Amino acid sequence: MILSAERIRLNASPPDKESAIRQAAELLVQTGAIQPGYAESMLRREGEADTFLGNGIAIPHGQRGDRGLIARTGIAVLQVPAGVRWNGDDVAHLVVAIAAQGDEHIAVLRRLTEVLGDEELARHLAKTSDTQDILRALDPDAPLPQATAPVAASAEGGLTAEVQAPAAAGLHARPARAVTQLAKTFQSTITLAFEGRQADARSMIALLQLGAGPGARILLTIRGPDAAAAMAALQAGFAEGLGDKDEQPPMPADRPPPLQPGQSLVPGSITGLPASPGVAVGVLHRFRSEAAGFAETSADPVGETSALEAALQATREELRDLAQEMAVRIGAKHAEIFSAHAEFLDDPELLTEAHAAIANGASAPAAWRDATESRAAALAGLGDALLAARAIDLKDVARRLLRHLVGPDEEAAALPERAVVAAEDLTPSETASLDPAKVVGMVTSAGGPTAHTAILARAMGIPAVVAAGPAVLELADGTPVVLDGDNGYLHPDPDDMALAAAEAAMARGRDRAAAARHAAFRPAVTRDGRRVEVAANVRRPEEAAEAVAAGAEGSGLVRSEFLFHDRAEPPSEEEQFDLYRRLAEGFGGLPVVLRTLDAGGDKPLRFVRHPAEANPFLGLRGLRLSLAEPQLFRTQVRAALRAARHGDIKLMLPMVDGLEDLHAARALIEAERAALEAPRVEVGIMVEVPSAAVMADQLAGEADFFSIGTNDLTQYTLAVDRLHPTMGARSDALDPAVLRLIDMTVHAAHARGRWVGVCGNMAADAMAAPILLGLGVDELSVSIPNVAVLKAQLRALDMARAEDVARQALNCGTAAEVRRLAGLRELADAT
Ligand code: PEP
Ligand code: MG
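For the structure given in this document, a descriptive report is provided here. As the structure is a computational prediction, the values presented were derived from the model and not from experiment. (Residues numbered from 1 in each chain as written. Chains lettered and ligands numbered in written order. Predicted model: local features only at pLDDT ≥ 70, side-chain atom pairs only at ≥ 80, totals over all residues. Heavy atoms only, no water.)

1. Focus: the coordination of the magnesium ion (ligand 2)
What counts, and what does not: Because no water is among the atoms considered, metal sites can look incomplete, with donors defined as N, O and S atoms within 2.8 Å of the metal, or 3.2 Å for Na, K and Ca. Numbering goes from the N terminus for both helices and strands, where a helix is a DSSP run of H or I of at least four residues and a strand is a run of E of at least two. Think of it in three bands: residues with accessible area under 20% of the maximum for their type are buried, residues over 50% are exposed, and the middle band is partly exposed, with areas taken using a 1.4 Å probe on protein chains only.
At the metal site, the magnesium ion (ligand 2) is ligated by E688 (OE) and D712 (OD), and these contacts range over 2.1 Å. Of the two residues, E688 sits in the loop between β23 (683-687) and α24 (690-694) while D712 sits in helix α26 (residues 710-718), which places them 24 residues apart along the sequence. Residue class for E688 comes out buried when judged on its relative accessible area of 2%.

2. Section: the environment of D493
Relative to the helices and strands, D493 is located in the loop between β17 (489-492) and α17 (496-518). With relative accessibility at 33%, the residue D493 sits in the partly exposed group. Distance from D493 to V283, taken between C-alpha atoms, is 9.4 Å for residues 210 residues apart in sequence.

3. Some thoughts on the pairing of strand β16 (residues 480-484)
Basically, it comes down to this: Any two strands are treated as partners once DSSP identifies two or more bridges connecting them.
β16 sits mainly inside the fold: four of its five residues count as buried. Of the strand pairs in this sheet, strand β12 (residues 279-286) and β16 are connected by five bridges, and their pairing is antiparallel. When the sheet's bridge partners are listed, V283 is paired in β16 with P480. In terms of strand pairing, β16 meets β17 through four bridges, oriented antiparallel. Along β17, the bridge assignment pairs V482 with H491. Connecting the antiparallel pair β16 and β17 is a turn made up of four residues, with G488 showing a positive phi of about 80 degrees.

4. Some points on a nonpolar patch on the surface
Definition in use: Only residues whose relative accessible area exceeds 30% and that form no salt bridge are eligible for patches; like-charged ones are grouped when within 9 Å, while nonpolar side chains (Val, Leu, Ile, Met, Phe, Trp, Tyr) are grouped when within 5 Å. In this description, accessible areas are obtained by the Shrake-Rupley approach with a 1.4 Å probe, and a residue is regarded as covered only by the protein chains that are shown. The rule for a salt bridge is simple: a side-chain nitrogen of Lys or Arg has to be within 4 Å of a carboxyl oxygen of Asp or Glu.
On the surface, V694, M695 and M744 cluster together into a nonpolar patch covering about 250 Å² of accessible area. Mapping M744 onto the fold places it in helix α27 (residues 736-751).

5. Some details on the nonpolar core
Stated formally: The term nonpolar core refers to a set of buried residues drawn from Ala, Val, Leu, Ile, Met, Phe, Trp, Tyr and Cys, joined through side-chain atoms within 4.5 Å. Throughout, a residue-residue contact means that at least one pair of heavy atoms, one from each residue, lies within 4.5 Å.
By size, the foremost hydrophobic cluster in this structure holds 100 residues, and its most contacted members are Y580, L653, F706 and I742. For F706, the residues in contact, after removing those within four places along its chain, are I685, V687, A696, L699, A700, T745, A749, W755, V756 and G757. Core analysis: the second largest hydrophobic core is formed by 28 residues, L312, L319, F338 and L394 among them.

6. A look at the site of ligand 1
Condition: Consider each residue's heavy atoms; a residue with any of them within 4 Å of a molecule or strand counts as near. Any pair of N or O atoms that falls within 3.5 Å is considered a polar contact. Within protein, one atom must be able to donate a hydrogen and the other to accept it, and sequence-neighbouring residues count only if both atoms are side-chain atoms. Classification used: nonpolar for Ala, Val, Leu, Ile, Met, Phe, Trp, Tyr, Cys and Pro, charged for Asp, Glu, Lys and Arg, polar for all others including Gly.
Residues in contact with ligand 1 amount to 15 residues; listed here are only the nearest, R559, R595, K603, N711 and R722. Between ligand 1 and the protein, one listed contact pairs an oxygen atom with a backbone N or O atom of G709 at 3.4 Å. Within the side chain of D712, a nitrogen or oxygen atom sits 2.9 Å from an oxygen atom of ligand 1. Bound to the protein, ligand 1 loses 99% of the 290 Å² it would expose on its own. Put simply, the parts of the chain that give the shell around ligand 1 at least two residues each are β20 (555-559) and α26. For the shell around ligand 1, the residue count by class is three nonpolar, four polar and eight charged.

7. Some points on the sheet that holds strand β8 (residues 197-200)
Formally: Every angle, taken between N-to-C directions, lies between 0 and 180 degrees, and every axis is a line fitted to C-alpha atoms, over only the stretch in contact when it is a helix.
If you walk across this open sheet you meet the four strands as β6-β9-β7-β8, and the pairing is antiparallel. Every other strand in the sheet has two partners, leaving β6 (159-164) and β8 as the edge strands with one partner each. Across the sheet, the axes of successive neighbouring strands diverge by a mean angle of 25 degrees, strand direction being ignored. The pairing of strand β7 (residues 189-194) with strand β9 (residues 217-223) spans five bridges and is classified as antiparallel. Counted as the bridge partner of T191 is T221 from β9. Lying on the sheet, helix α8 (residues 227-239) is in contact with β6, β7 and β9; it crosses β6 at an angle near 10 degrees.

This is how it looks when you write it as structure tokens:
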């Protein structure tokens, strides 16, 4: 018996984790499963991996190299009703010590995943005074609580065959992944059955849960249009061992050395910043988008000229198609970038330069490369973040055209299935041209969470991690990896445990998204009754209906400058009135926070006279600019005040740095209101300059509400340009310095009875939401696709715990420390 009554100790109360592990190991020693030295191995293993699984269950186990200390496979359970602190805030109530010699851990994992998924059962086992309860729940040999009927009986109309699990270690993670990959290439429904349990062949976790050991006989049942082909492929796969060699997994000593403490969230992982949520399991693939080689010179200028013309035309068509496809796939606004790229192809200076080089004996690709590179370097060298971004765009178009001219580097372009693409950074079109059927995740060594890669990845629903540093580029192609876009790390060479946890996280993510959509209209009320409003950031009146349908309770931010970003002339009052009225009506009486023009900095407007400034982010921007251009400001205020009769419009002033500008703006608004005899509207401010947070007590006397712009607040607090191409890793809004400013703002606002929202990107970060809740924020405004998921997360939280974790975060020293808070990780995962 792997687990028996003598190996279960109820009502233990070890003072700490080490004692708990020693007591559990002692049960295995006493029952002849291990030698005493294995306890030390278990303790060493804790230093390498977090064995806390969740729901109060921890599974200490020894290092692989110490299997010689195991006499026979055994499991012992130490029940700790009062709990013992494991790592951080994790508290274990069931310490399940595992000493596995062979593949038995698969069966144990299966059982534990079931218990893990059943909170009530886990709670019961933590308190039960009946050993049998634990025996029944954890003994892999006991019948399953919900055993299903053997599949052979229901195989009508399908093909069935018996296959054998690989002889080396059974259907563990690697072969199971091979099965899922094979299954996904067929349309048919493929089911595996073993000992009365069934698994969908597309689900890795279900396959692991079959518990099929070495050589186990598995019944395959396949139904569907390509059943015969699928059967042949699977039978061949099983016959060849599903890619599983007899080799043992590498010993820990063979693995790359773990990163230094502070560098990794999960032992052995590489930490970056979360950029697009979700978990992916796949193989690493270094992205290379180079064109094939070419000759530098040519004696045929006419031929080269026509080759360049043909490539220009092909690239124009490709970009047009790409823009159309992306508009359908991820929305028109993200597709605009490709239309913008096409502009470069008609740039007369660029073309003249390239043609001149061809006339002087250069080949077409060399001429094009030199012309675009010199122009991109010139743009990048101007020290202007916006122009530097255009330089990246130009390089992107240049590479695209070169691929048309000389063909792609085939070897570099081939993507494996389930690719986790690694790159220094990806250009927008590289991101968009990744085949979503093959790419399951993205990781970049540079870039930041507000870079294009991150924005497109979010819109495409592909998990992504950015700013992970050069280590990700040093991993070999084909390295198995787990990418966690929620917590921001890449875990190379994950073991079975990590793989199973990742598969379970993926399944949970899918279930959660579906459940969140269903419950989109339920308010976000925490378990202990605290209500948080969840609103949407919208750009156009047309998005109002979409936002309401997604569950938004209004708009917490309308960036009005985006309504006019392509205009050469300022919009008239009538035109603005029409837009704002449609917004107000689109939200049907729900609040709409209309931000007055935030021009300047990263958002220059063509119709505004921006002065030449060395540091536009620190210059005439936002409200400062509106006050410097009173005619522009007055027109906008009048249009908004008139539109407010058609709904609940509130005005919000951007980039407020102190009382003086706020007084001036309020006086102007009041004068226009009186002239129009319009009703009063609330006038709030963005808190996005550190001085506004510090002076929030004074500003709260003059502003009706605050909305914290964490994008700029982070930029100004940490002195990191929000568009900086390589410093993104330093601009984490969870930095305690930013959190303390948010805390000050909330306290000051509440003392005056004002509400506080957050409308920066931080509001959509699953790790930030519990902290913002705990700090007392009243409203969160996020992009439309995030609304339902955020509401669901808030509903699963508890204010008291959120306050506790927020307090801990305020006392952390760094953003990385905040992200490592165990209690926070648990809340980030809540739904
Ligand atoms: C912010 O700064 O967080 C914000 C919401 O404003 P914007 O990103 O438009 O500057
Ligand atoms: Mg801002």
